Amino acid sequence: MAETAAPLQRAAVATQPARRRWSIPWSRVILGLFSALVLLYLVAPVAIVIPMSFSAAKYLSFPPPGLSLQWYQNFFARADWTSATIQSIRVAFTVMILATVLGVAASLALVRGSFPGKDIVNLIIVSPLVVPAIIVAIAIYGIYVRLYLVQTFWGLVLAHTVLAVPYVVVNVSATLRGFDIRLEQAAQSLGANAWQTFRYVTLPMISPGIFAGAVFAFIASFDELIVALFIAGARGRTLPMRMFEGLRMEIDPTIAAVSSMLITFSVLVLASAEFARRRSRGD
Amino acid sequence: MTTGEVLAGRAYRESTTSRRLEFRRQLGYFLLLLPTLLLLLVLFVYPIVRLIVTSVYDGNHFTLEHYRRIVEVDLYLRVLQTTFTIALQVTLLCLILGYPLAYFLATLRARTARLLMILVLIPFWTSILVRTYAWMVLLQRQGVFNRWLLELGLIDEPLRMMYNRIGVLVGMTHVLLPFMVLPAYAVMRGIDRNLLRAAYNLGASPFQAFLMVFLPLSLPGVAAGSLLVFILALGFFITPALMGGRTDMMIAQLIETQIRTQLNFPFAAALAAVLLVITLVIFAIYNRLLGLDKMFGGGY
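This is a predicted model, so every value here is computed, not measured.

About the criteria used
Here the residue numbering is sequential within each chain, running from 1 through the sequence in written order. Chain letters and ligand numbers both follow the written order, the letters beginning at A and the numbers at 1. pLDDT decides what is reported in this predicted model: residues at 70 or higher carry local features, side-chain atom pairs at 80 or more are listed and counted, and totals for whole chains, interfaces and linings draw on all residues regardless. To obtain the side-chain values, all non-hydrogen atoms of the structure were included, while hydrogens and water were left out. Any Phe, Tyr or Trp ring, taking Trp's six-membered ring, that has another such ring centre within 6.5 Å forms a pair; planes under 30 degrees apart are called stacked, those over 60 apart edge-to-face, and the others tilted. Helix and strand assignments follow DSSP, with helices taken as H or I runs no shorter than four residues and strands as E runs no shorter than two, numbered in order from the N terminus. For each residue, the accessible area found with a 1.4 Å probe, counting protein chains only, is set against the maximum for its type, and the residue is called buried under 20%, exposed over 50%, and partly exposed in between. The pLDDT value tells you how sure the predictor is about a given residue, anywhere from 0 up to 100. Contact between two residues is taken to exist if any of their heavy atoms lie within 4.5 Å; hydrogens are not considered. For this analysis, a polar contact is any N or O atom pair within 3.5 Å, provided that within protein one partner can donate a hydrogen and the other can accept it, and provided that sequence-adjacent residues contribute only side-chain to side-chain pairs. UniProt positions are given in the numbering used here, feature names are shortened, and annotations may be inferred rather than shown by experiment. In this description, buried area is defined as the sum, over both parts, of the accessible area (probe of 1.4 Å) that is lost when the two are combined. Only one rule defines a salt bridge in this text: a Lys or Arg side-chain nitrogen within 4 Å of an Asp or Glu carboxyl oxygen. Amino acids are sorted into nonpolar (Ala, Val, Leu, Ile, Met, Phe, Trp, Tyr, Cys and Pro), charged (Asp, Glu, Lys and Arg) and polar (every other residue, Gly among them).

## Considerations on the packing of aromatic side chains
So, step 1. For the structure on display, the rule yields 22 aromatic pairs over all chains.
So, step 2. Centre to centre, the rings of Phe 54 of chain A and Tyr 72 of chain A are 5.1 Å apart; their planes meet at 25°, and the pair counts as stacked. Highlighted residues: Phe 54 of chain A in the loop between helix H2 (26-53) and helix H3 (70-77) and Tyr 72 of chain A in helix H3, separated in sequence by 18 residues.
So, step 3. Judged by relative accessible area, which is 11%, Tyr 72 of chain A ranks as buried.
So, step 4. For the ring pair Tyr 76 of chain B and Phe 267 of chain B, a centre distance of 4.8 Å and an interplane angle of 50° mean the geometry is tilted. Of the two residues, Tyr 76 of chain B is situated in helix H3 (residues 74-107) and Phe 267 of chain B in helix H12 (residues 265-290); the sequence distance between them amounts to 191 residues.

## Notes on the confidence of the model for chain A
Low-confidence regions, as indicated by low pLDDT, have predicted coordinates that should not be scrutinised in detail.
Residue and element names in this part refer to chain A.
So, step 1. In the predicted model, chain A carries a mean pLDDT of 85, and the fraction of residues at 70 or more is 89%.
So, step 2. Mean pLDDT across the secondary structure elements of chain A bottoms out at helix H1 (residues 2-21), with 47, and peaks at helix H4 (residues 79-112), with 95.
So, step 3. Ignoring residues within four places in sequence, the model shows residues 1-15, a span with pLDDT below 50, making 7 contacts including any to other chains.

## A look at the side chain of Asn 146 of chain B
Residue and element names in this part refer to chain B.
So, step 1. Secondary-structure assignment places Asn 146 in helix H6 (residues 144-151).
So, step 2. What makes Asn 146 buried here is its relative accessible area of 0%.
So, step 3. Within the structure, Asn 146 has its side chain in polar contact with the backbone oxygen of Gln 140 (distance 3.2 Å).
So, step 4. Dropping the residues within four chain positions of it, Asn 146 is found in contact with Leu 138, Leu 139, Gln 140, Arg 141, Ile 155, Pro 158, Leu 159 and Met 161.

## Things to note about the UniProt feature "transmembrane region" (unreviewed entry) in chain A
So, step 1. Under the present numbering, the feature "transmembrane region" (unreviewed entry) in UniProt falls on residues 29-54, 91-111, 123-147, 153-174, 209-234 and 254-273 of chain A.
So, step 2. What you have in residues 254-273 of chain A is 100% helix and 0% strand, and the ends, taken at the C-alpha atoms, are 29 Å apart.

## Quick notes on the interface of chain A and chain B
By convention, interface size is frequently given as the accessible area that disappears when the constituent parts associate.
So, step 1. With 95 residues of chain A at the contact, the number on the chain B side is 87 residues.
So, step 2. Summing both sides of the interface, chain A and chain B together bury roughly 8300 Å²; the carbon and sulfur share of this comes to 78%.
So, step 3. Seen at the junction of chain A and chain B, the total is 0 salt bridges.
So, step 4. Inspection of the chain A/chain B interface yields 9 residue pairs in polar contact (both at pLDDT 80 or more).
So, step 5. Looking at the side of chain A that touches chain B, the element that brings in the most residues is H2 of chain A, giving 15 residues.
So, step 6. Considered class by class, the residues forming the side of chain A that touches chain B number 71 nonpolar, 14 polar and 10 charged.

Okay, structure coming up:
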C-alpha cells in the first residue's frame with residue numbers, strides 16, 4: 001500500500017499547484033464567505049450585548065447613543081439580582097467540589113476496574129447528559145416533595161450534582177485511558193502504596209482532565225435553569241431564574257449588564273481551560 | 001512429598017492469594033464507584049422510574065387514561081407534531097450551516113482552524129439565557145434589526161421576527177449549531193487528504209472527489225452531530241418559552257405548564273414518558289452507530 005501511495009502522492013503534489021495557478025478558486029471563495037457569515041451569526045449576537053450594556057439610553061439600541069454604567073449600577077444596587085448571583089455561585093461551587101470528588105473516584109473505578117454490570121453503570125452515569133432537563137426536573141421534584149427537599153440549598157446542590165457528575169467522568173475517563181498504567185506499576189514496585197501512587201503519580205498526570213471536568217461541572221450548575229425552576233423556590237432563587245423572570249415579563253435591560261459579565265466570565269474560563277490543556281501537552 | 005507436589009501446592013496457594021488480592025482490588029474500585037452510583041440511583045433512576053409509574057398507576061389500579069388523552073386531544077397531538085417539526089427544522093438548519101463551516105475549517109491549517117474555532121466555542125460556553133436575550137434584543141418589535149431596516153427605508157413597519165416560529169428557529173439553531181460543527185469538524189480533520197489526491201489523480205473533478213470520497217468519510221461526524229442536535233432540540237424549553245408563539249408550544253413547555261399551572265402531575269408524567277422513550281430510542285441508535293464515548297468532551 002505504502003509503496004504505491006508514495007508515487008501517487010508525489011504526482012498529485014506536482015499537478016496540484018499548476019491547476020490552481022490559472023483559475024480563481026471560486027468555490028473556495030464562496031465557501032469562505034459562507035463560513036464567515038455562519039461564524040458572524042454565531043458570534044455577533046453575543047458580541048453585540050457588551051457595547052449595548054454600556055448604553056445611556058433607557059431603551060436598548062445598537063450602536064448605543066451614549067455611554068453610561070446605569071445598568072451595572074442597577075444590577076449591583078438591587079438585592080434581588082445580587083442575592084440570586086451569590087446563591088448561584090454558592091450552589092455551583094459546592095456542586096463543583098462534590099461532582100469532582102465523586103466523578104474522579106467513579107472514573108478510576110470505571111476505567112481500571114472490571115466488575116459485572118460496568119457497561120450499565122457507564123450508561124447510567126452519562127445518561128443525565130441526554131435525558132431532557134425537564135424530565136429530570138419533574139422527576140426529582142416528584143420525590144423532593146415527599147423528602148421535604150424542595151426549596152432547600154442541599155436539595156438543589158444534589159440535583160445539580162447529578163447533572164454535573166457526567167461531565168467530570170467523561171473528561172477524567174478520557175485522560176485516564178490515555179495514561180500509561182505502567183507508570184503506576186513502576187511506582188508500586190518501588191514501594192508506594194495505593195494512596196501514594198494515586199497522589200504522586202496518577203493525580204498529577206490526570207489533572208488537566210480533572211480541571212476541565214471541574215470547570216464543566218461548575219458551568220453545568222451555574223447556567224442551569226429548568227431543574228432550579230422546579231425545586232429552588234423563590235427564596236433560593238438562582239441567577240438563571242432571576243434572568244428568566246426578567247425576560248418573561250418585559251425585557252429588563254439590566255440583563256445586558258449581567259449578560260456582559262457572564263460572557264466575560266465564560267471567555268476567561270474558556271481561555272484558562274485552553275491554557276491548562278496546552279500546558280499539559282507541553283506545546 | 002515429591003518436589004512436584006510441593007511446587008504444585010505453592011502455585012495453588014499463590015494463585016488463591018493473588019485471586020484474593022485481585023478480588024480486594026476490584027472491591028476497592030467498586031467502593032470508589034459506590035457514592036456516585038448511589039447518588040444516581042436515588043436521584044436519577046428511581047425518580048424517573050417513579051415518574052413513569054405515576055403515569056400508568058393511579059394509586060389503586062393500572063390505567064392508560066393519560067396516554068389516551070395525549071393521543072385523543074387535538075391540542076396535545078399538535079404539540080407533539082410541533083415538537084418534531086421544530087426539532088427536524090433545527091437539525092436541517094444546523095446541517096446546512098454547520099457542514100460547510102466544518103468543511104472549511106477542516107481545510108485550513110490546524111493553527112488557523114483552532115483560532116477560528118474559538119468563535120464557535122465562545123457562544124458554546126455562553127449561557128443559553130444570555131444568547132436568547134441577545135436574540136430577543138435583536139429580533140423584537142422595537143429591536144435592533146427592525147430599527148436598522150426602518151432607518152434604511154427597506155420596510156415601512158416592523159417585521160414580526162419573534163414570538164413565532166422564526167424566532168424559535170433562529171434562537172435554537174444558534175444554541176445547537178456548535179453541537180453539529182464540533183463532531184463534524186473532528187471527523188473531517190481525521191480524513192486522510194491523500195485519499196482526495198488519489199481521487200484527483202484518477203481523474204475525479206474536485207466536486208466528484210468531494211462527493212464520492214470526502215462526503216462518505218465525513219458521515220459519521222455528521223450523523224453524530226445531527227442525532228445530538230435532534231435529541232437536544234426535542235427537549236428544548238428556554239428558547240421556545242421566551243421566543244416562541246403562544247400557539248407554537250413544544251412538549252417541554254406543555255409539561256411545565258401541566259405541573260405549574262394545572263398541577264396535573266400524572267398527565268405531565270405521561271408526556272415526560274413519551275419524550276423520554278423517543279429520546280432513549282435515538283440515543284440507542286446513536287450508541288449502535290457511533291458509540292457513546294464519542295458523544296461528549298472528546299474531539300475538539
